[in-house]
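Observations on chain architecture
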Amino acid sequence: MELKNILFFSSIATIFAGICQVHSTYVPYNTTSGFAPDKINVHLVPHSHDDVGWLKTVDQYYAGANNSIRGACVQNVLDSVISALLDDKNRRFIYVEMAFFQRWWRQQSDTLKAKVKHLVNSGQLEFINGGMCMHDEATPHYIDLIDQTTLGHRFILDEFGKTPRVGWQIDPFGHSAVQAYLLGAELGFDSLFFARIDYQDRAKRRDDKTLEVVWRGSVSLGSSSQIFTGIFPIHYEPPDGFTFEINDVSAPIQDDDLLFDYNVEQRVDDFVAAAVAQANLTRTNHIMWTMGTDFRYQYAVSWFRQMDKFIHYVNLDGRVNALYSTPSIYTDAKYAANEKWPLKTGDFFPYADRENAYWTGYFTSRPALKGYVRMLSGYYLAARQLEFFAGRFGSGPSTDALGDALSIAQHHDAVSGTQRQHVAADYAMRLSIGYKEAEKVVSSSLAALTGSRLNSMHTDPVPQFQQCPLLNISYCPPSEANLSDARSLVIIAYNPLGWKREEVIRIPVSSDDLVVLDSNGREIESQILPLSNVSLLTINFHTKAYLGTSASSLARYWLAFSASVPPLGFSTYAVSGAKMSESRSFSSSVYTPDEGNGKTFEVGQGNLQLLYSANEGKLTRYTNRRNSVTSLAEQSYSYYTGYNGTDRVFQASGAYVFRPNNSFSIKPEGQVTSVVIRGPLLDEVHQQLNTWLYQVTRVYKGKEHAEIEFTIGPIPVDDGFGKEIIAQISTGLNTNKTFYTDSNGRDFIKRIRDYRADWDVEVHQPIAGNYYPINLGIYLEDETTEVSVLVDRAVGGSSLVDGQIELMLHRRLLNDDSRGVGEALNEEVCVLDSCKGLMVQGKYYLRIDPRGEGAKWRRKFGQEVYSPLLLAFSEEEGNNWMSSHITTFSAIDHSYSLPDNIALITLQELENGRVLLRLAHLYETGEDKDNSAVTSVELKKLFPEKKVVKVREMSLSGNQERIEMEKKRLKWKVQPPPQFDQEEEAEIPSVRGGAVDPVELVVQLAPMEIRTFIIHFSYDNDDDDDDDDLLLFAS
């Protein structure tokens, strides 16, 4: 034993003696590398993916609060990164989410701000994407996507004078065609990068070297709006073994030869092997490593120290070349290679990450939040218009808070419904705060615009307007007031669209003895309908839940009346108690059909008539007497039980993933009792299908579509199974597996059941694998007929059977789907200590047309769904309102309205007095025989009371002039598809509107074109300095 110990310690002594003869010195790491033309160039792109809310709220993530959920602090990330960049001028970093950067920026000293601006100007710090958040691509409306991106780009331009040129959508769960052409190329982006595509698609693209493509998202705009697109080989993290957060397990380079585990040669070999492996998946000798992942760089030195070493030692080795880079540098390198790239069309939905895991559940998850976002999106559009008409003030309320809240709500874990419950509540609270501020703007603007017709000596009080954000639950205190002979309810109906609207307005009232007068004091047709017991129960429970007190609702009826509202303007209506000598609102007839009165019953006073079976209460036939369309039509509800798995092997249905177990028809509990309400303006069919599903179908006399309002919930789960509720509309159309769904409310994309254009798909989940996101609508067609369904919020849907449309309306699940949220999608509403499952009320709309004629309704009525009439209420004593106030208003020339195929999607006064204007063509090329044409808008008639002195066409986000953007745009070469011999033959040439004549001021728009302008009006003391105009969005 003693001899063994002597030998052992002798050996140790010998080793240490050898080490002591080596001298450890400072190593000046050389990180100045550029491109090496004859080597693989590995672009190291340092980044941190910072979710603007997910497991924690946006402010908890920023400040590092609530770290029991996750140790993430974005403030630490930015502090640490800036310090590390200042230490070495060769280091680079990209940042994406302006909601976080803006929070950090306003807390910094002028000295540090100057240093950061230097980092930005030198290219060390680059803003990529540049929106307030990294938005979702399935569930937002395109107007929301534009608005949130504009806010972020405005901040970057104002503070740094920069315009982002690369899209970075690395985490959204599938990718839309609108993202490619509208939120990509039309922003002036030269490239777009992301990670998540279907696992089968990725496998094929890796084999074919088609992970990098040129993506043409719009058939109408074609190559004029294409974008170079890179898909990461695995995810948005570095290759295995190269993550270096302070607690990561990857082996660092240990290059101090006085220490054990010296490994420079081994780590260089690892680096080279990983680089060669990735280079075999792409074209050219440039590859990108995304050096970061979620909430990394909280201790940035731990990353940059290792990257410094890798660049230094890998380049000394010489087999490959490593460099600090950004996506912009990488894009330029790919472009310089002069390669022809494969062409991609369509989109990247649906997304699955394994056989039984299609991420199609989130298309519907949290439907109440989705509905709230959509409602406030339309409100924000209208509020900005009114803010401009009345004049924006430097102090006082503004629409900014609502804009900020809506921008954050577009995040890919916000409107998607994939966040934790307390985070969903935080998003909703921010939206509510923003709404209340914008509500003040609307009220004060309407007060200014209604003004007084009397002379300035008359002291007429400024009207006080109230609004009713809880109209969706039939709660509106101002309209429920008791109207005596001396008091009248004044209703202002504002129309944010560019064409005149004829609609039926419905408000809850307390009396059935009313009369309605129009803006000229003439009595108009009106109808009284009873308020259902379901509505009364909904009011009582939800006002207590959301307002904290029991409601004092007096509503017992609905008052419906016909309204005619001018474009970009308002009309005024007065409701008062009917006098004995006056006519009054028509009281609807109410009856319950039964087989004794016939086997069927019919509703509809105008062109549209719906036929129902009296026994089952089912819709059986749809007839339009104007166009002679008659079609079999059935409407029903079913539910899927969610798969009760516990991990990724036994995949559960959850917030992200839709994995149905079984499907069950929702059959009435006993015979369905249908209550039919008839009147001169509309008919209704009320049906209580079970204790948690109530439906009202409305047919308006002057319309040719059916409106279906559903109230679903609380969904029962006491049987141990979560449920996903669907509506089905069945027709006799022979659709050959084909249907069409919209892309973020813009283009309609052809879908074929169990088919993908880019690969031979194996659909392991035939229901979930054929679901697609729907924001505007879905339609079917055969040789003679087309059936369209429009929605009031984002939902998931499909056509799983020929001739049938399916929409998922609500979900309540009991298991987490193992995708990180760590919480079941089991929404509840609580009053004191009593909680029950979430109730959701929403609408969808059905119309059947001859083939080729449905687009007119989808496009025009779709705008009306997105931008409903904005209602404001006031009271008057006596009947002098109509004579003492301005009762009708239109901001545009009285002889003019926008063409039916053009929408005004932004009209906003900026802080510097300029006006941001966006006009959108609503139709695709070939979509409609009349409306798919180049169309003109006359700016002089759009602004008849103002003198336009300059019109500057801008990029979509308004951060650069369009002409300059086009000059800088990279022109990518495309490898034509196999069926084409010539590249030119791969597309129909796109059409664009021409330049705006500075005298005539006429704007042309081609199909699917959106044009953005900064309008300069002539104001007193207006300084028309072009240098000042460059910073369009002064803080």
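Residues numbered from 1 in each chain as written. Predicted model: local features only at pLDDT ≥ 70, side-chain atom pairs only at ≥ 80, totals over all residues. Heavy atoms only, no water.

1. Here we look at the nonpolar core
Judged by nonpolar contacts, the single largest core of 127 residues is most densely connected at Phe101, Leu125 and Tyr844. For this core, the element with the most residues is helix 10 (residues 300–317), which contributes eight residues. Beyond its immediate stretch of four places on either side in the chain, Leu125 contacts Ile82, Leu85, Phe93, Tyr95, Phe101, Val116, Leu119 and Val120. (Core = buried A, V, L, I, M, F, W, Y, C linked by side-chain atoms within 4.5 Å. Buried < 20%, exposed > 50% of the residue type's maximum accessible area, 1.4 Å probe, protein only. Helix = DSSP H or I, 4+ residues; strand = E, 2+ residues; numbered from the N terminus. Contact = heavy atoms within 4.5 Å.)

2. Digging into the environment of Asp900
One can find Asp900 in the loop between strand 42 (888–890) and strand 43 (902–909). Sequence spacing of Asp900 and Gly498 is 402 residues, and the spatial spacing of their C-alpha atoms is 8.5 Å. Those residues in contact with Asp900 that lie beyond four places of it in its chain are Trp499, Lys860, Leu922, Tyr923 and Asn931.

3. Some remarks on the packing of aromatic side chains
Here the structure, examined in full by the defined rule, presents 59 aromatic pairs. Summarising the aromatic geometry, the rings of Phe271 and Trp289 are spaced 4.5 Å apart at their centres and angled 45° between planes, so their arrangement reads as tilted. Linking Phe271 in helix 9 (residues 264–279) with Trp289 in strand 8 (residues 286–291), this pair joins segments that are 18 residues apart in sequence. Each member of the pair, Phe271 as well as Trp289, carries the same accessibility label: buried. Both rings, one in Tyr351 and one in Trp359, keep their centres 5.0 Å apart while their planes meet at 55°; by these two values the pair is tilted. (Phe/Tyr/Trp six-rings, centres within 6.5 Å; stacked < 30°, edge-to-face > 60°.)

4. A word on the sheet that holds strand 1 (residues 41–46)
Ordered by their spatial adjacency, three strands build an open sheet running 8-1-9, and the pairing between neighbours is parallel. On the outer flanks of this sheet lie strand 8 and strand 9 (321–324), each paired with one strand and no other. Adjacent strand axes in the sheet meet at a mean angle of 25° when their direction is disregarded. Pairing geometry for strand 1 and strand 9, over four bridges, is parallel. The residue bridging Asn41 from the neighbouring strand is Asn321, located in strand 9. Docked against the sheet, helix 11 (residues 327–336) engages strand 1 and strand 8, running at close to 165° with respect to strand 8. (Pairing = 2+ DSSP bridges. Axes fitted to C-alpha atoms, helices over the stretch in contact; angles between N-to-C directions.)

5. Comments concerning helix 14 (residues 421–450)
The terminal C-alpha atoms of helix 14 lie 42 Å apart, and with 30 residues this matches the ideal 44 Å at 1.5 Å per residue to within 8%. One or two residues past the end of helix 14 sits Gly451, with phi positive at roughly 45°. (Expected span 1.5 Å × (residues − 1).)

6. Regarding the state of the cysteines
What the rule picks out here adds up to two disulfides. Each disulfide pairs two cysteine sulfurs, and for Cys468 the partner residue is Cys476, the sulfurs being separated by 2.0 Å. Taking the torsion about the sulfur-sulfur bond, which here is approximately 60°, the covalent link between Cys468 and Cys476 counts as right-handed. Take Cys468: its relative accessible area is 12%, and that puts it in the buried class. Shown here is the disulfide that connects Cys830 with Cys835, its sulfur atoms set 1.9 Å apart. Between Cys830 and Cys835 the sulfur-sulfur dihedral comes to about 110°; the bridge is accordingly right-handed. Judged by its relative accessible area of 38%, Cys835 is partly exposed. If the cysteines joined by disulfides in the chain are listed in sequence order, their pairing comes out as 1-2, 3-4. Cysteine Cys73 is unpaired, with the sulfur of Cys133 as its nearest cysteine sulfur at 20 Å. Cys133 sits in the buried class, given a relative accessible area of 1%. (Disulfide = S-S within 2.5 Å.)

7. Thoughts on the sheet that holds strand 7 (residues 227–231)
To summarise the sheet geometry, strands pair through backbone hydrogen bonds and adopt either a parallel or an antiparallel arrangement. In space, the six strands of this open sheet follow the order 4-5-7-6-10-47, with mixed pairing throughout. Two strands lie at the open edges of the sheet, namely strand 4 (166–168) and strand 47 (973–975), each paired on one side alone. For this sheet, the mean angle separating the axes of adjacent strands, direction not counted, is 40°. Pairing of strand 6 (residues 212–216) with strand 7 involves four bridges; the strand directions are antiparallel.

8. Points about the packing of helix 4 (residues 98–105) against helix 6 (residues 142–160)
Interaxial distance between helix 4 and helix 6 falls to 10 Å at its minimum, and their mutual angle equals 35°. Where helix 4 crosses over helix 6, the handedness of that crossing is left-handed. Along its contact with helix 4, which presents Met98, Phe101, Gln102 and Trp105, the element helix 6 presents Gly152, Phe155, Ile156, Glu159 and Phe160. A breakdown of the residues in the contact of helix 4 with helix 6 according to their chemical character gives six nonpolar, two polar and one charged. (Left-handed = near helix turned anticlockwise from the far one by under 90°. Nonpolar A, V, L, I, M, F, W, Y, C, P; charged D, E, K, R; others polar.)

9. Re the pattern of salt bridges
Counted according to the given criterion, the structure contains 54 salt bridges. The partner of Arg851 in a salt bridge is Glu781, with the nearest N and O atoms 3.3 Å apart. With Arg851 in the loop between strand 40 (840–850) and helix 16 (854–866) and Glu781 in strand 34 (residues 777–781), the pair connects residues that are 70 residues apart, well separated along the chain. A residue is classified by how much of its surface remains accessible, and Arg851, at 45% relative accessible area, is partly exposed. A relative accessible area of 18% means that Glu781 is categorised as buried. One salt-bridge network, in which partners are shared between bridges, spans Glu186, Arg962, Glu966, Arg969, Arg992 and Glu1009. (Salt bridge = Lys/Arg side-chain N within 4 Å of Asp/Glu carboxyl O.)

10. Observations regarding the packing of helix 3 (residues 74–87) against helix 5 (residues 110–122)
For the pair helix 3 and helix 5, the least separation of the axes is 11 Å and the interaxial angle reads 65°. Considered as vectors, helix 3 and helix 5 are oriented roughly perpendicular to each other. Both helix 3 and helix 5 take part in a crossing whose hand is left-handed. Facing Ile82, Leu85 and Leu86 of helix 3, the residues of helix 5 in contact are Leu112, Lys115, Val116 and Leu119. Broken down by class, the residue content of the contact of helix 3 with helix 5 amounts to six nonpolar, no polar and one charged. (Parallel < 35°, antiparallel > 145°, perpendicular 65-115°, else oblique.)

11. Describing the side chain of Arg659
Within the secondary structure layout, Arg659 lies in the loop between strand 24 (629–642) and strand 25 (660–665). A relative accessible area of 10% places Arg659 in the buried class.

12. Topic: unusual backbone geometry
A cis geometry characterises the amide bond from Phe349 onward to Pro350, with omega recorded as -10°. Mapping Pro350 onto the fold places it in the loop between strand 10 (340–345) and strand 11 (352–354). Positive phi, normally seen in glycine, also occurs at Ser818, with a value near 65°. Secondary-structure assignment places Ser818 in the loop between strand 37 (804–812) and strand 38 (828–831).

13. A closer look at the pairing of strand 22 (residues 608–613)
Burial analysis of strand 22 places five of its six residues in the buried class, which makes it a mostly covered element. Relative to strand 22, strand 21 (residues 600–603) runs antiparallel, the two being bridged by four bridges. When the sheet's bridge partners are listed, Val603 is paired in strand 22 with Leu610. The loop that links strand 21 with its antiparallel partner strand 22 comprises four residues; one of these, Gly604, has a positive phi angle of about 120°. Direction of pairing for strand 22 relative to strand 23 (residues 619–624): antiparallel, over a ladder of five bridges. Within strand 23, the position partnered with Leu608 by the bridge is Asn624. Here strand 22 folds back onto strand 23, and the loop between the two strands holds five residues, one of which, Gly617, carries a positive phi near 70°.

14. As for the confidence of the model for the chain
The pLDDT averaged across the chain works out to 92; a share of 93% of its residues lies at or above 70. Confidence over residues 1–21 falls short of pLDDT 50; this stretch has two contacts with residues more than four positions distant or in other chains. This model gives residues 1026–1035 a pLDDT under 50, and the stretch forms 30 contacts once residues within four places in sequence are excluded. (pLDDT = per-residue confidence, 0-100.)

15. Quick word on the pairing of strand 23
Two elements, strand 23 and strand 24, share four bridges in a ladder whose sense is antiparallel. Paired with Thr623 across the two strands is Thr630, which belongs to strand 24. The turn joining strand 23 and strand 24, which pair antiparallel and follow one another in sequence, is formed by four residues; a positive phi near 65° is taken by Ser628.

16. Examining helix 3
Spanning 14 residues, helix 3 covers 20 Å between terminal C-alpha atoms, matching the ideal 20 Å at 1.5 Å per step. Those residues of helix 3 that fall on the buried side of the exposure criterion are Val74, Val77, Leu78, Ser80, Val81, Ile82, Ala84 and Leu85.

17. Let's talk about the environment of Gly994
With respect to the element layout, Gly994 can be found in the loop between strand 47 and strand 48 (1002–1005). Expressed as a C-alpha distance, the spacing of Gly994 and Arg319, which sit 675 residues apart in the sequence, is 52 Å. Apart from the residues lying within four places of it in its own chain, the contact partners of Gly994 are Gln1004 and Arg1011.

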